[in-house]
Amino acid sequence: MIGNKLYVGNLYLRASKKQLEELFARYGEVKKVELIEGSGFGFVEMATSDEAERARRELDGAEFLERIIRVK
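About the thresholds
Residues numbered from 1 in each chain as written. Predicted model: local features only at pLDDT ≥ 70, side-chain atom pairs only at ≥ 80, totals over all residues. Heavy atoms only, no water. Pairing = 2+ DSSP bridges. Helix = DSSP H or I, 4+ residues; strand = E, 2+ residues; numbered from the N terminus. Core = buried A, V, L, I, M, F, W, Y, C linked by side-chain atoms within 4.5 Å. Buried < 20%, exposed > 50% of the residue type's maximum accessible area, 1.4 Å probe, protein only. Contact = heavy atoms within 4.5 Å. Phe/Tyr/Trp six-rings, centres within 6.5 Å; stacked < 30°, edge-to-face > 60°. Lys NZ or Arg CZ within 6 Å of the ring centre and 35° of its normal.

Asker: For this particular structure, what's the right way to read the sheet that holds strand S1 (residues 5–9)?
Answerer: Strand-to-strand pairing in sheets goes through backbone hydrogen bonds, with the strands running parallel or antiparallel. Read across the open sheet, the four strands follow the order S2-S3-S1-S6; overall the sheet is antiparallel. Every interior strand has two partners, whereas the edge strands, strand S2 (30–36) and strand S6 (70–71), have only one. Two elements, S2 and strand S3 (residues 41–46), share six bridges in a ladder whose sense is antiparallel. The partner of Glu-34 across the bridge, within S3, is Phe-43.

If you want it as structure tokens, here you go:
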């Protein structure tokens, strides 16, 4: 995690920005979602470092679209 920006890995290749934003919005305000096409990873920027840390704690190792995601 760099500041408020989180790495999200092991994503379903057809995951959308909207789906990822909805998942992370449960833990605070999502400022930006970037998906690296065809790679299975992306980045989510939260509004505050506290929100980013909470999302990281709750979502690292969680199931999302039938995949176990990694959040760092």
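We are not done yet, so read on.
Asker: Can you help me understand the nonpolar core in this one?
Answerer: One broad rule of soluble globular proteins: the nonpolar side chains tend to lie buried together. Membership of the largest hydrophobic core comes to 20 residues, with the highest contact counts inside it found for Val-8, Leu-20, Phe-24, Val-44, Leu-59 and Ile-69. Mapped by element, the contributors of at least two residues to this core are S1, helix H1 (17–24), S2, S3 and helix H2 (49–59). Not counting residues up to four positions away in its chain, the partners in contact with Leu-59 are Leu-23, Phe-24, Tyr-27, Ile-69 and Val-71.

Asker: It is not clear to me how the packing of aromatic side chains should be interpreted in this structure. Could you clarify?
Answerer: Here a ring pair, both rings aromatic, is described through the centre-centre distance and the interplanar angle of the planes. Within this structure, the stated rule accounts for three aromatic pairs. Pairing Tyr-7 with Phe-41 gives two aromatic rings, centres 5.8 Å apart and planes at 35°, and the pair type is tilted. Taken as a pair, Tyr-7 in strand S1 and Phe-41 in strand S3 lie far apart in primary sequence, 34 residues in all. A relative accessible area of 27% means that Phe-41 is categorised as partly exposed. One aromatic cluster is present, formed by Tyr-7, Phe-41 and Phe-43 through successive ring pairs. Over the face of the ring belonging to Phe-43 we find Lys-5, whose NZ or CZ atom lies 5.2 Å from the ring centre.

Asker: It is not clear to me how the environment of Arg-26 should be interpreted in this structure. Could you clarify?
Answerer: Here Arg-26 lies in the loop between H1 and S2. For Arg-26, a relative accessible area of 59% gives the class exposed. Measuring from C-alpha to C-alpha, the distance between Arg-26 and Ala-55 comes to 8.2 Å, with 29 residues separating the pair along the chain.

Asker: How should unusual backbone geometry be read in this particular structure?
Answerer: Across residues other than glycine, the phi torsion is negative in most instances, and most of the peptide bonds are trans. A positive phi angle, near 60°, is found at Asn-10, a position not held by glycine. Along the chain, the position of Asn-10 falls in the loop between S1 and H1. Residue classification places Asn-10 among the partly exposed positions, given a relative accessible area of 33%. Positive phi values are uncommon outside glycine, yet Leu-65 reaches one of about 55°.

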